[in-house]
Amino acid sequence: MKNSTIKNIGNYTFWLCFILGNICLFGNIITKNIDFALCGFVLLYLASALNLLIIFGLLIYGFFRRSQLPNCFSASAMLCINIPIAALYTYIGLTLNSI
């Protein structure tokens, strides 16, 4: 794979999960519809599994292709940014729905 392909995998996955999480959170805040919260919790599990699968795939690829390892680390780091964002959104969603 080329350097740009590796970085695009991390960027596209990050933005996909981030945008879907925003849709669920702000959909719940604006409409007060519980379905957005339920979709958000399902997204949390599915996106976590997807992100971990891609991170492990990138790291395994990087260990076999040592020249691509720095690019795989940077793409994996981009995906790890989703972890604190997901935790914050979960806290906000639980707080809003318990009121």
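You'll find the structure just up there.
Computed from a predicted structure; not experimentally measured.

Q: Please explain the overall build of the chain as it appears in this structure.
A: Along the backbone of the chain there are 4 helices and 0 strands. Counting from the amino terminus, helix and strand elements in the chain follow one another as α-α-α-α. Along the three orthogonal principal directions, the C-alpha set of the chain runs to about 50 × 15 × 15 Å. When burial is assessed residue by residue, the chain has 29% of its 99 residues classed as buried. Across the chain, contacts joining residues at least 24 apart in sequence account for 71% of those joining residues at least 6 apart.

Q: I keep staring at helix α4 (residues 82-97) and nothing clicks. Help me out?
A: Because each turn of an α-helix spans 3.6 residues, side chains separated by three or four positions in sequence point in the same direction. For α4, built from 16 residues, the straight-helix expectation of 22 Å at 1.5 Å per residue is met to within 8% by its first-to-last C-alpha distance of 22 Å. Within α4, the full set of buried residues consists of Asn82, Tyr89 and Gly93. One side of α4 holds all its buried residues, which, seen down the axis, span an arc of 35°. Turned more than 90 degrees away from the buried face of α4, the exposed residues are Ile83, Pro84 and Tyr91.

Q: Which parts of the structure should I look at to understand the side chain of Asn28?
A: Structurally, the position occupied by Asn28 is in helix α1 (residues 3-31). Taking the relative accessible area as the measure of exposure, Asn28 reaches 6% and is therefore buried.

Q: Sorry if this is basic, but what is going on with the packing of aromatic side chains here?
A: Working definition: an aromatic ring pair is given by the centre-to-centre distance plus the angle between the planes. In total, this model carries 3 aromatic pairs according to the counting rule given. Arranged with centres 5.7 Å apart and planes meeting at 15°, the rings of Phe14 and Phe18 form a pair that is stacked. You can see Phe14 and its partner Phe18 sitting in helix α1, 4 residues apart, about one turn around the helix. The rings of Phe14, Trp15 and Phe18 are connected pair by pair, giving a single aromatic cluster.

Q: What am I meant to see in a nonpolar patch on the surface here?
A: Taken together, the side chains of Trp15, Leu16, Ile19, Leu20, Ile23 and Leu50 present a nonpolar region at the surface, about 530 Å² in accessible area. Here the nonpolar patch gets 5 residues from one element, more than from any other, and that element is α1. Among the structural elements, Trp15 can be located in helix α1. Residue classification places Trp15 among the partly exposed positions, given a relative accessible area of 44%.

Quick notes on the rules
- Residues numbered from 1 in each chain as written.
- Predicted model: local features only at pLDDT ≥ 70, side-chain atom pairs only at ≥ 80, totals over all residues.
- Heavy atoms only, no water.
- Helix = DSSP H or I, 4+ residues; strand = E, 2+ residues; numbered from the N terminus.
- Buried < 20%, exposed > 50% of the residue type's maximum accessible area, 1.4 Å probe, protein only.
- Contact = heavy atoms within 4.5 Å.
- Expected span 1.5 Å × (residues − 1).
- Arc of directions from axis to C-beta.
- Phe/Tyr/Trp six-rings, centres within 6.5 Å; stacked < 30°, edge-to-face > 60°.
- Patch = residues over 30% accessible without salt bridge, like charges linked within 9 Å, V, L, I, M, F, W, Y side chains within 5 Å.
- Areas by Shrake-Rupley, 256 points an atom, 1.4 Å probe, with all protein chains shown as cover.
- Salt bridge = Lys/Arg side-chain N within 4 Å of Asp/Glu carboxyl O.

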